[in-house]
Amino acid sequence: MSIMESLSPRALTAPESGIVEVVNYARGREGLLPLWVGEGDLPTPDFISRAAMDALASGETFYTWQRGIPELRRALSDYYNRHFSVRLPAEHFYVTGSGMQAIQISVQALTSPGDEFVYLTPAWPNIAAALEIAGARSVGVELQFEGGKWALDLDRVEAAITPKTRGIFINTPSNPTGWTATKKDLGDILALARKNDLWIMADEIYALYYFAGGRAPSFLDVMEPDDKIIFVNSFSKNWSMTGWRVGWIVAPPEMGQVLENLVQYSTSGVAQFMQKGAVAALDLGDDFVAANIAKAARSRDILCDALIATNRVETLKPDGALYAFLKIDGVTDSRSAAIDIVDKTGVGLAPGKAFGAGGELFLRACFLRDPTQMAIAAERLCNYILKR
């Protein structure tokens, strides 16, 4: 038996990221404007990096709390009080090695091999992959796309539920579509979960990137204390910390020992000096986050206004998140189109095919970048589209 044949079937079926494939194809090219991944153009601000460096220099390099250092869990509690108007004790918060690990641990906690988990698609591909690698089955339910806008059909979600279904994954505001659930949507989803005794895994990483003002509606606005909801989140987007790989889970305190055990047997915790940087992000970073959101809103308008004006792109300005999901006339293979666009324009886009059912004809552009850069990217893309 060969080396590859002797590997786990679940490992062998883990898909290559369709986003990373394009990134690897063109990474490092001169003059590249990389709009393909979900990150901005700013490095982590100094007040965060300095807090981590000070902790590192003072010797905070030992094993640490598996659930997260007390200061960080308290800071998360305060953050939710400020932005979500809820008072959750620190016992509800668990620090993870990235938002991706928050999802992996939640999947491990909520599913067994053979279970099913429903999610809305097009979707960030990592949720489906995390479920499948864990031995569960991911069941995608397509959002409706009409007139450039995405909408939820709750009947489709209900039809996807079977006796094997353990839960529903909801990402709102959505990556990649920008679809943002209304408070009524969330209440309807929660009622469906209660009716079928299902968990909800809520990915609200983009909750503050809501362009109608304030923050997006949250399950925290409609839930009761005994509802089975687990929240996954990350420091990546709000505070320009994508490379830090620090995230968190919000979950009922009764799950605490289970979640701690899953952290123990994966990473054994996040480095304490990194957690000190995360504390600074939460305690001192509201103005930085507000500036990031304002920049994203300006760049969203620049990009979307230009592309819509070509009359060859079907999209509307997204209500939330960081992405324009573009349906360009004549594009039938988004992977090939992404390669062609980066070759001919130097603008890196993510192929919609990577985001699953309903995304095949689309391309995703992240607009958390300087408006001047976004204007250049928009001009390049418009020239490309008009010459097709």
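Residues numbered from 1 in each chain as written. Predicted model: local features only at pLDDT ≥ 70, side-chain atom pairs only at ≥ 80, totals over all residues. Heavy atoms only, no water.

> Even after reading the chapter, I still don't get the overall build of the protein, so can you show me in this structure?
Of the regular secondary structure elements, the protein holds 13 helices and 15 strands. In summary, the protein has a C-alpha radius of gyration of 21 Å against a globular reference of 21 Å for 388 residues, a match within 12%. Overall, the C-alpha framework of the protein stretches about 60 × 55 × 50 Å when taken along its three principal axes. Counting across all 388 residues of the protein, residues that qualify as buried make up 54%. For the protein, the accessible area works out to roughly 16,700 Å², and carbon and sulfur atoms hold 52% of it. The protein carries 37 positive and 45 negative side-chain charges, and their two centres are separated by 2 Å. (Helix = DSSP H or I, 4+ residues; strand = E, 2+ residues; numbered from the N terminus. Rg over C-alpha atoms; globule rule 2.2 N^0.38 Å. Buried < 20%, exposed > 50% of the residue type's maximum accessible area, 1.4 Å probe, protein only. Areas by Shrake-Rupley, 256 points an atom, 1.4 Å probe, with all protein chains shown as cover. Lys, Arg positive; Asp, Glu negative; His and termini not counted. Charge placed at Lys NZ, Arg CZ, Asp CG, Glu CD.)

> I would appreciate a short explanation of unusual backbone geometry in the present structure.
Residues other than glycine predominantly adopt negative phi, and peptide bonds predominantly adopt the trans conformation. T121 connects to P122 through a cis peptide bond whose omega is 0°. Position of P122 relative to the elements: it lies in the loop between β3 (116–121) and α6 (126–133). A cis geometry characterises the amide bond from T172 onward to P173, with omega recorded as -15°. Along the polypeptide, P173 turns up in the loop between β7 (165–171) and α8 (183–195). Within the chain, R245 stands out as a residue other than glycine whose phi angle is a positive 60°. Mapped onto the elements of the fold, R245 is located in the loop between β9 (229–234) and β10 (247–250).

> For this particular structure, what's the right way to read α8?
The terminal C-alpha atoms of α8 lie 18 Å apart, and with 13 residues this matches the ideal 18 Å at 1.5 Å per residue to within 8%. Listing the buried residues of α8 in full gives D185, L186, I189, L190, L192 and A193. Take α8 and look down its axis: the buried residues cluster within an arc of 160°, on one side only. Opposite the buried face of α8, at more than 90 degrees from it, the exposed residues are K183, K184 and K195. Those residues of α8 hidden inside the fold are in contact with α7 (154–160), β7, β8 (199–203) and β9. (Expected span 1.5 Å × (residues − 1). Arc of directions from axis to C-beta. Contact = heavy atoms within 4.5 Å.)

> What exactly am I supposed to notice about a nonpolar patch on the surface here?
A contiguous nonpolar patch, built from I3, M4, L7 and L12 and spanning about 410 Å² of accessible area, is present on the exposed surface. Relative to the assigned elements, L7 resides in the segment before α1 (9–12). Owing to a relative accessible area of 38%, L7 belongs among the partly exposed residues under this scheme. (Patch = residues over 30% accessible without salt bridge, like charges linked within 9 Å, V, L, I, M, F, W, Y side chains within 5 Å. Salt bridge = Lys/Arg side-chain N within 4 Å of Asp/Glu carboxyl O.)

> Honestly, the nonpolar core in this entry has me stumped. Any pointers?
Side chains of a nonpolar character, in soluble globular proteins, are inclined to be buried together. Formed by 105 residues in total, the largest nonpolar core has its most connected members in L72, Y80, F219, F235, W239 and W248. A total of seven residues in this core trace back to one element, the largest contributor, which is helix α13 (residues 371–386). Setting aside chain neighbours within four positions, we find F219 in contact with I170, L186, I189, L190, I200, A202, E204, I229 and F231. Ranked by size, the runner-up nonpolar core spans 25 residues in total, among them A102, V107, L259 and V263. (Core = buried A, V, L, I, M, F, W, Y, C linked by side-chain atoms within 4.5 Å.)

> What is the right way to look at the packing of aromatic side chains in this model?
Any pair of aromatic rings gets described here by the distance separating the centres and the angle formed by the planes. Counting across every chain of the model gives 17 aromatic pairs. Aromatic side chains F145 and W150 sit 4.6 Å apart centroid to centroid with 45° between the ring planes, which places their arrangement in the tilted category. In this structure, R73 packs its charged tip against the face of Y94, placed 5.4 Å from the ring centre. (Phe/Tyr/Trp six-rings, centres within 6.5 Å; stacked < 30°, edge-to-face > 60°. Lys NZ or Arg CZ within 6 Å of the ring centre and 35° of its normal.)

> I'm lost on the sheet that holds β9 in this one. Help?
Read from one edge of the open sheet, seven strands run β2-β10-β9-β8-β7-β3-β4, paired in mixed fashion. For this open sheet the edge positions go to β2 (93–96) and β4 (137–142), each flanked by a neighbour on one side alone. Put simply, the sheet's adjacent strands are angled 25° from each other on average, direction ignored. Both β9 and β10 contribute to a ladder of four bridges, which runs antiparallel. Looking at β10, one finds that S234 is bridged to G247. With respect to the sheet, helix α4 (residues 70–84) is in contact with β2, β9 and β10, its orientation differing from that of β2 by roughly 115°. (Pairing = 2+ DSSP bridges. Axes fitted to C-alpha atoms, helices over the stretch in contact; angles between N-to-C directions.)

> Explain the sheet that holds strand β15 (residues 362–366) here, please?
Here four strands make up an open sheet; going across it, the order is β11-β12-β15-β14 and the pairing antiparallel. With one partner strand each, in any of the chains shown, β11 (313–314) and β14 (350–351) form the two edges of the open sheet. With five bridges connecting them, strand β12 (residues 323–328) and β15 associate as antiparallel partners. The residue of β15 that forms the bridge with F325 is R364.

> Would you mind going over the UniProt feature "domain: Aminotransferase class I/classII large" (unreviewed entry) in the protein with me for this structure?
UniProt's feature table lists "domain: Aminotransferase class I/classII large" (unreviewed entry) at residues 37–381, given in the numbering used throughout. Note that residues 37–381 is 39% helix and 18% strand, and that its end C-alpha atoms are spaced 17 Å apart. (UniProt positions renumbered as here; feature names shortened; annotations may be inferred.)

> Please clarify how the packing of helix α5 (residues 99–110) against helix α9 (residues 256–264) should be interpreted in this entry.
How two helices pack is summed up by the angle between their axes together with the distance between the axes. Contact geometry of α5 with α9 gives a least axis separation of 10 Å together with a crossing angle of 125°. Here α9 runs oblique to α5, going by the angle between their axes. In this structure, α5 crosses over α9, and the sense of that crossing is right-handed. For the pair formed by α5 and α9, the contact residues are I105, Q108 and A109 on the first element and L259, L262 and V263 on the second. Classifying every residue of the contact of α5 with α9 by side-chain character gives five nonpolar, one polar and no charged. (Parallel < 35°, antiparallel > 145°, perpendicular 65-115°, else oblique. Left-handed = near helix turned anticlockwise from the far one by under 90°. Nonpolar A, V, L, I, M, F, W, Y, C, P; charged D, E, K, R; others polar.)

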